[in-house]
Amino acid sequence: MIAARTDLVHFNWASAGLPLRPVIDRIIEHLEREAVDGAMEAGRAVAVELEAVYASAARLLGCAPDEVAMMESHTRAWQAAFAGFRFGPGDRILTARSEWAGNYAALLRAAEQAGATVDVVPSDDSGQVSVPALEAMLDHRVKLIALTWLPANGGLINPAAAVGRVARSAEIPYLLDAAQALGQLPTNVAELGCDVLTGPGRKFLRGPRGTGLLYVRRGFLERLTPPPLDHVSAPRRADGRFVQRLDTRRYEAGECSVALRLGFGVALDHALALGLPALRTRIAATAAQLRAQLAAIPGLVVRDLGIERSGLVSFTLDGVACDHVRTALAAQRINVAVNGIAYTPLDMAARGLDEIVRASVHVDTTDQDLARLVHALRALAG
Ligand SMILES: Cc1ncc(COP(=O)(O)O)c(C=O)c1O
């Protein structure tokens, strides 16, 4: 076993959280059981525990367990649902400046193929998506609103619930990317008013890589073109017909990593036990503290937008390339990320930025961690 390196300071929760020890233990235990008992037999033995993972996910999202599918990543979840939308000539898809590049690429491709357009809702002066501008852009041709709740390139929190109210009253489908929100913000799909919500296990939830969640609202499922069938998503009935499941699990394939799902379940339960309001309060307070300390460093510009802010803290350092900042910090065992135009192209272009350094915090982040980062950045700033 690799011993925990206590000298590491992790400011890269927004890329991948440090998985909790019980998460890793549960995964390893199950893999060992597979080797001893046989993988299918080991899987059957944990059937009840696997069901409980859906119940935990449902508690996290405020929905019913059968409205959730277990996926391999945020992207797989998002793509699976998005593939069910059909667009025609003249249709419009609305998105916002903070849209994740992967989603945006898929929106553009779908629009191009259908003769539809992707229209970007402007941001207001604070940087968040403008809800009045969204309302003004609605017409009968708008077939989807796709929003990234928390962008990857900074602390902005988009008013996802306000967007949801607009989408609901106009009866327009609403697809919400919650990749950076799960595990750091209380999340309730009814309050958000979304039809589809997606997120990964590995970021603020501290689950393993290779896990993700897909929520599709029960009444909305039938409006999406069904995903490809297999013998699990469409079980064979006595009359010989394969009939697709009537719940969100129709998006799952028969084969999966049971060990990762069990580990993800442990991570979900841990977040639920801490409580999302408590996680939110603590993460926001630590991020605010970090922003204040960074702002005092000469030549450092904090780049976060928005009114409400998350645990993602973004900045640039005058005259120092972001990648140099990252590698110099990594040499001191301090993990940060560089987020470039490749990930949030619309927002970075609108702000004339190529890249930013991103330091993201979690409840484990201590005052000493902040001090180490700030000290190292002061030295780099010269
Ligand atoms: C806002 C946002 N959406 C989507 C993704 C992609 O998630 P995944 O890598 O789990 O597919 C990320 C990853 O950083 C992200 O920040």
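One structure accompanies this document, and this report is about it. These numbers come from a predicted model, not from an experiment.

A tally of regular secondary structure across the protein gives 13 helices and 13 strands. In summary, the protein has a C-alpha radius of gyration of 21 Å against a globular reference of 21 Å for 382 residues, a match within 12%. Each principal axis of the C-alpha distribution contributes one length, and for the protein these read about 75 × 60 × 35 Å. Counting every position in the protein, which comprises 382 residues, the buried fraction comes to 54%.

Here the focus is the packing of helix α1 (residues 21-37) against helix α9 (residues 258-274). Axes are the key here: two packed helices are described by the angle between their axes and the distance separating the axes. Remark: α1 packs on α9, axes separated minimally by 8 Å, with the N-to-C direction vectors making an angle of 155°. With respect to α9, the axis of α1 lies roughly antiparallel. In this structure, α1 meets α9 at a crossing whose hand is right-handed. Facing P22, V23, R26, I27, H30, L31 and E34 of α1, the residues of α9 in contact are V258, A259, L260, L262, G263, V266 and A267. Taken together, the residues that form the contact of α1 with α9 break down as 10 nonpolar, two polar and two charged.

This next bit is on the pairing of strand β12 (residues 337-340). Side chains A337 and N339 of β12 all project onto a buried face; the interleaved residues V338 and G340 project onto the opposite face, where all are buried too. Judged from the four bridges that link them, β12 and strand β13 (residues 355-360) form a sheet pairing that is antiparallel. Counterpart to G340 in the pairing with β13 is E355.

Take the sheet that holds strand β3 (residues 92-96) next. Pairing between sheet strands relies on hydrogen bonds along the backbone, with the strands arranged either parallel or antiparallel. Read across the sheet, seven strands follow the order β2-β8-β7-β6-β5-β3-β4 without closing on themselves; strand pairing throughout is mixed. In this open sheet, the two edge strands, each paired with only one partner strand, are β2 (68-71) and β4 (117-121). Recorded for the sheet is a direction-independent mean angle of 20° between the axes of neighbouring strands. As paired elements, β3 and strand β5 (residues 142-148) share three bridges and run parallel to each other. Residue I93 lies in a different strand from β5, and its bridge partner there is L144.

What follows is about the nonpolar core. When a protein is soluble and globular, its nonpolar side chains tend to lie buried together. Counting residues in hydrophobic clusters, the biggest one holds 79 residues, and the most contacted among them are F11, L61, W149, L197, L290 and L377. Of all hydrophobic cores here, the second largest spans 27 residues; its members include F85, V196, L221 and L346.

With that settled, consider the sheet that holds β12. The four strands lie next to each other as β9-β10-β13-β12, forming an open sheet whose pairing is antiparallel. Pairing within the sheet leaves two strands with one partner each, and these edge strands are β9 (300-302) and β12. Here the average twist between neighbouring strands, direction ignored, is 40°. Each of β9, β10 (312-317) and β13 is contacted by helix α10 (residues 276-295), which is oriented at about 10° to β10, the strand it contacts most.

The next thing to look at is the pattern of salt bridges. Overall, the coordinates contain 24 salt bridges when judged by the stated rule. Across the pair D347 and R97 runs a salt bridge, and its minimum N-O distance is 2.9 Å. Placement of D347 in helix α12 (residues 345-350) and of R97 in the loop between β3 and α5 (101-114) is noted, with a sequence separation of 250 residues between them. Among the salt bridges present, the one from D323 reaches R326, with a minimum N-O distance of 3.4 Å. With D323 and R326 both in helix α11 (residues 322-331) and three residues apart, the pair spans about one turn of that helix.

This part is about helix α7 (residues 160-170). If you check which residues of α7 are buried, you get A160, A162, V163, G164, V166 and A167. Residues of α7 that are buried in the fold lie against α6 (131-137), β5, β6 (174-177) and α8 (189-192). Phi turns positive one or two residues past the end of α7, at E171, with a value near 55°.

Turning our attention to unusual backbone geometry. If you check the backbone angles, E171 has positive phi at about 55° while not being a glycine. You will see that R206, though not glycine, has its phi angle at about 65°, which is positive. Tracing the backbone shows R206 in the loop between β7 (196-200) and β8 (212-216). Overall, R206 belongs to the buried group, its relative accessible area being 7%.

Further remarks concern the environment of N158. With respect to the secondary-structure elements, N158 resides in the loop between β5 and α7. N158 gets classed as buried once you look at its relative accessible area, which sits at 3%. Along the sequence, N158 and G62 sit 96 residues apart, while their C-alpha atoms lie 20 Å from each other. Among residues more than four places away in sequence, those in contact with N158 are S98, Q128, V129, L147, T148 and W149.

By the secondary structure assignment, I297 is in the loop between α10 and β9. In this structure I297 touches V374, L377, R378 and A381, once residues within four positions along its chain are discounted.

Quick notes on the rules
Residues numbered from 1 in each chain as written. Predicted model: local features only at pLDDT ≥ 70, side-chain atom pairs only at ≥ 80, totals over all residues. Heavy atoms only, no water. Helix = DSSP H or I, 4+ residues; strand = E, 2+ residues; numbered from the N terminus. Rg over C-alpha atoms; globule rule 2.2 N^0.38 Å. Buried < 20%, exposed > 50% of the residue type's maximum accessible area, 1.4 Å probe, protein only. Axes fitted to C-alpha atoms, helices over the stretch in contact; angles between N-to-C directions. Parallel < 35°, antiparallel > 145°, perpendicular 65-115°, else oblique. Left-handed = near helix turned anticlockwise from the far one by under 90°. Contact = heavy atoms within 4.5 Å. Nonpolar A, V, L, I, M, F, W, Y, C, P; charged D, E, K, R; others polar. Pairing = 2+ DSSP bridges. Core = buried A, V, L, I, M, F, W, Y, C linked by side-chain atoms within 4.5 Å. Salt bridge = Lys/Arg side-chain N within 4 Å of Asp/Glu carboxyl O.

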